[in-house]
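# Structural overview for review
Single-letter residue listing:
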Amino acid sequence: LCGSLVHCAQLEPDALASRYAVVPENAPRRPTDAQWNAKKPSESSVAAMAWWRDYEAQVNGRAVVSADEFSITQAQIAAIQAEPYLRGAFSNGDAEVSVFWVDKATGVYCKARPDFLQWVNRNEVRIVELKSTSDESPDGFSRALTGMGYHRARAHYIEGVQAATGAKVVEYLFAVVTSAPPVLAVPYWLHEEDAQQGADECAELRERFAWCLRE
């Protein structure tokens, strides 16, 4: 939830209030399953359950986040704004853009949704991907990158944006921000050999997918 919340706050701030509801700091603790199912709950449990029933009715389907979670998100946005390169990278661009294309090598129909596109000029564009992590150190993010396959997503997004727009992707930036205090924001780029590995793996997976469709 923390990752989705900071994505919305940074990339689509106008949608934040319609997607998320922040629990007031003076709210009673949410009753446990045992308290909800108790045959004779205590008076305090009854009052807490009544409060939460009323609150959830007001929420009307929005995701509920605690005051602490929202405080972390605010700190994440502040950390991004405090880092000069990231602040510039998230200015004057398009957030959550969907792109669609057909892979020339396999004929596979592809789609992607980069976090943020910043146009350098009519023919050049920068892709910025926002990543929330527990460890922003080089080693920590390297492990997350490998485990989550961010190097493959990078190759996929670059190919898609270039195919769909005709512009050249001149930079692919990871905007990494921690999800717990102390909240820090760091820009990262992939080494060329790691970027090439991501492109090779992406091409192999598309070929395998195309084979699956044929067979």
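Notes on the structure follow.

Following the criterion strictly, the structure yields 11 aromatic pairs and no others. Connected via pairs of aromatic rings, a cluster forms that spans Phe141, Tyr150, Tyr172, Phe174 and Tyr188. Sitting over the face of the ring of Trp52, Arg30 holds its NZ or CZ atom 4.8 Å from the ring centroid.

Take the sheet that holds strand E8 (residues 168-178) next. What the 5 strands build is an open sheet, ordered E3-E6-E7-E8-E9; its pairing is mixed. Either end of the sheet is taken by a strand with one partner, and the two such strands are strand E3 (93-95) and strand E9 (185-188). Strand-to-strand twist across the sheet, computed as the mean angle between neighbouring axes with direction ignored, equals 25 degrees. In this sheet, E8 lies alongside strand E7 (residues 124-133) in parallel orientation, the contact comprising 10 bridges. Its bridge partner being in E8, Ser132 is matched across the sheet by Val177.

Counting buried residues along E7, 8 of its 10 residues qualify, which places the element largely inside the surrounding structure. Bridging between strand E6 (residues 116-121) and E7 involves 5 bridges; their strand directions are antiparallel. Bridging from a neighbouring strand, Asn121 pairs with Glu124 of E7. Here E6 hands over to E7 after 2 residues, the two strands then running antiparallel side by side.

Attention now goes to the nonpolar core. Counting 23 residues, the largest nonpolar core has Ile127, Phe141 and Phe174 as the members making the most contacts within it. For this core, the secondary structure elements donating two or more residues are strand E4 (99-102), strand E5 (109-112), E7, helix H7 (138-148), helix H8 (150-165), E8 and helix H9 (192-214).

What follows is about the side chain of Arg154. Along the chain, the position of Arg154 falls in helix H8. Buried charge without a partner: Arg154 forms no salt bridge, and the closest opposite charge is Glu192, 5.8 Å away. Here Arg154 is in contact with Tyr172, Leu190 and Ala195, once residues within four sequence places are set aside.

Thresholds, definitions, all that
Residues numbered from 1 in each chain as written. Predicted model: local features only at pLDDT ≥ 70, side-chain atom pairs only at ≥ 80, totals over all residues. Heavy atoms only, no water. Phe/Tyr/Trp six-rings, centres within 6.5 Å; stacked < 30°, edge-to-face > 60°. Lys NZ or Arg CZ within 6 Å of the ring centre and 35° of its normal. Pairing = 2+ DSSP bridges. Helix = DSSP H or I, 4+ residues; strand = E, 2+ residues; numbered from the N terminus. Axes fitted to C-alpha atoms, helices over the stretch in contact; angles between N-to-C directions. Buried < 20%, exposed > 50% of the residue type's maximum accessible area, 1.4 Å probe, protein only. Core = buried A, V, L, I, M, F, W, Y, C linked by side-chain atoms within 4.5 Å. Lys, Arg positive; Asp, Glu negative; His and termini not counted. Salt bridge = Lys/Arg side-chain N within 4 Å of Asp/Glu carboxyl O. Contact = heavy atoms within 4.5 Å.

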